[in-house]
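Listed below are the residues making up each chain.
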Amino acid sequence: DVELLATTGSFSMDAAADVEIGAATGDVLVHANRGNVTLNAEQSVTVNASNSVNMLADNNIDMEAQQIDIAGADGVDIESTAGGVTVAAAANVEVQSTGSDVAISGDSGVTLDSGDDLSIVADDVLNMTGGSVAISSPSGPVNISASDNLQFTVAGTTAISSAGDTHLAAISGDVRLAAEQ
């Protein structure tokens with residue numbers, strides 16, 4: 001295992017080129033016991049997993065970059081239990097699972113904002129829940145699809161806007177848009 005931890009004070013790594021952290025057979029853990037974990041990129045933020053991608057927070061999950069790609073072969077779960085989820089990119093946003101579900105949930109809301117193409121694809125069920133859901137792509141298309149069911153369960157408003165085509169598709173299941181009161 002590789003663990004990066006600052007129990008008091010800060011921890012930083014700087015490099016003129018790339019920084020790579022890896023474990024050949026174990027885990028890589030990055031955590032803040034009383035603060036924030038922040039990923040900043042001038043270009044792209046890419047999260048890939050041969051199994052699942054899980055991002056869980058008691059408060060907010062905020063991702064901002066030029067381009068954001070999140071891919072998990074056995075599922076993607078992005079969940080904030082008491083805050084919101086924001087994924088914003090100046091270029092493309094892509095969230096996909098090639099072998100299972102995609103779940104994006106923010107208690108106060110979910111915002112997905114792409115400067116160009118926005119794509120969310122689940123090989124099984126795609127489920128979005130929250131206080132509100134806002135999906136926008138002012139310059140490109142929006143593609144949201146699932147091989148099985150496509151479900152939006154929202155307490156407030158669901159807004160999807162695109163300068164290009166907007167596609168909501170459930171290949172072999174149902175499309176369910178539910179407003180909970």
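Being a predicted model, the structure only gives us computed values, none of them experimental.

Peer 1: When you look at the overall build of the chain in this model, what are you seeing that I'm missing?
Peer 2: A count of helices and strands for the chain gives 0 helices and 19 strands. Relative to the 2.2 N^0.38 estimate, which gives 16 Å for 181 residues, the radius of gyration of the chain is 17 Å and therefore close to what a compact globule would have. Along the three orthogonal principal directions, the C-alpha set of the chain runs to about 45 × 35 × 30 Å. Per-residue burial for the chain yields a buried fraction of 33% across its 181 residues. Of the accessible surface of the chain, which amounts to about 10200 Å², a share of 42% is contributed by carbon and sulfur atoms.

Peer 1: Help me out: how do you make sense of the pairing of strand 10 (residues 102-106) in this one?
Peer 2: Both faces of the sheet carry side chains from a regular strand, because those side chains alternate between them. Most of strand 10 sits out of view: 4 of its 5 residues are buried. Examined bridge by bridge, strand 7 (residues 76-80) and strand 10 share 5 bridges and lie parallel to one another. Note that in strand 10 the partner of Ile-78 across the bridge is Ile-104. Here 5 bridges tie strand 10 to strand 13 (residues 126-130), and the two strands are oriented parallel to one another. Bridge pairing links Ser-105 to Thr-129 in strand 13.

Peer 1: Where do I start with the nonpolar core in this structure?
Peer 2: One recurring pattern in soluble globular proteins is that nonpolar side chains are buried together. Membership of the largest hydrophobic core comes to 34 residues, with the highest contact counts inside it found for Ile-70, Leu-112, Ile-120, Leu-126, Met-128 and Ile-135. Discounting chain neighbours no more than four positions away, the residues touching Met-128 are Ile-104, Val-110, Leu-112, Ile-120, Val-133, Ile-135, Gln-151, Phe-152 and Thr-153.

Peer 1: Got a minute to help me understand the pattern of salt bridges in this structure?
Peer 2: Where side chains of opposite charge bring their charged atoms close, a pairing between them can arise. Overall, the coordinates contain 1 salt bridge when judged by the stated rule. Ionic pairing is found between Arg-176 and Asp-174, a salt bridge with its closest N-O pair at 3.1 Å. Using a relative accessible area of 40% as the deciding quantity, one classes Asp-174 as partly exposed.

Scoring rules and cut-offs
Residues numbered from 1 in each chain as written. Predicted model: local features only at pLDDT ≥ 70, side-chain atom pairs only at ≥ 80, totals over all residues. Heavy atoms only, no water. Helix = DSSP H or I, 4+ residues; strand = E, 2+ residues; numbered from the N terminus. Rg over C-alpha atoms; globule rule 2.2 N^0.38 Å. Buried < 20%, exposed > 50% of the residue type's maximum accessible area, 1.4 Å probe, protein only. Areas by Shrake-Rupley, 256 points an atom, 1.4 Å probe, with all protein chains shown as cover. Pairing = 2+ DSSP bridges. Core = buried A, V, L, I, M, F, W, Y, C linked by side-chain atoms within 4.5 Å. Contact = heavy atoms within 4.5 Å. Salt bridge = Lys/Arg side-chain N within 4 Å of Asp/Glu carboxyl O.

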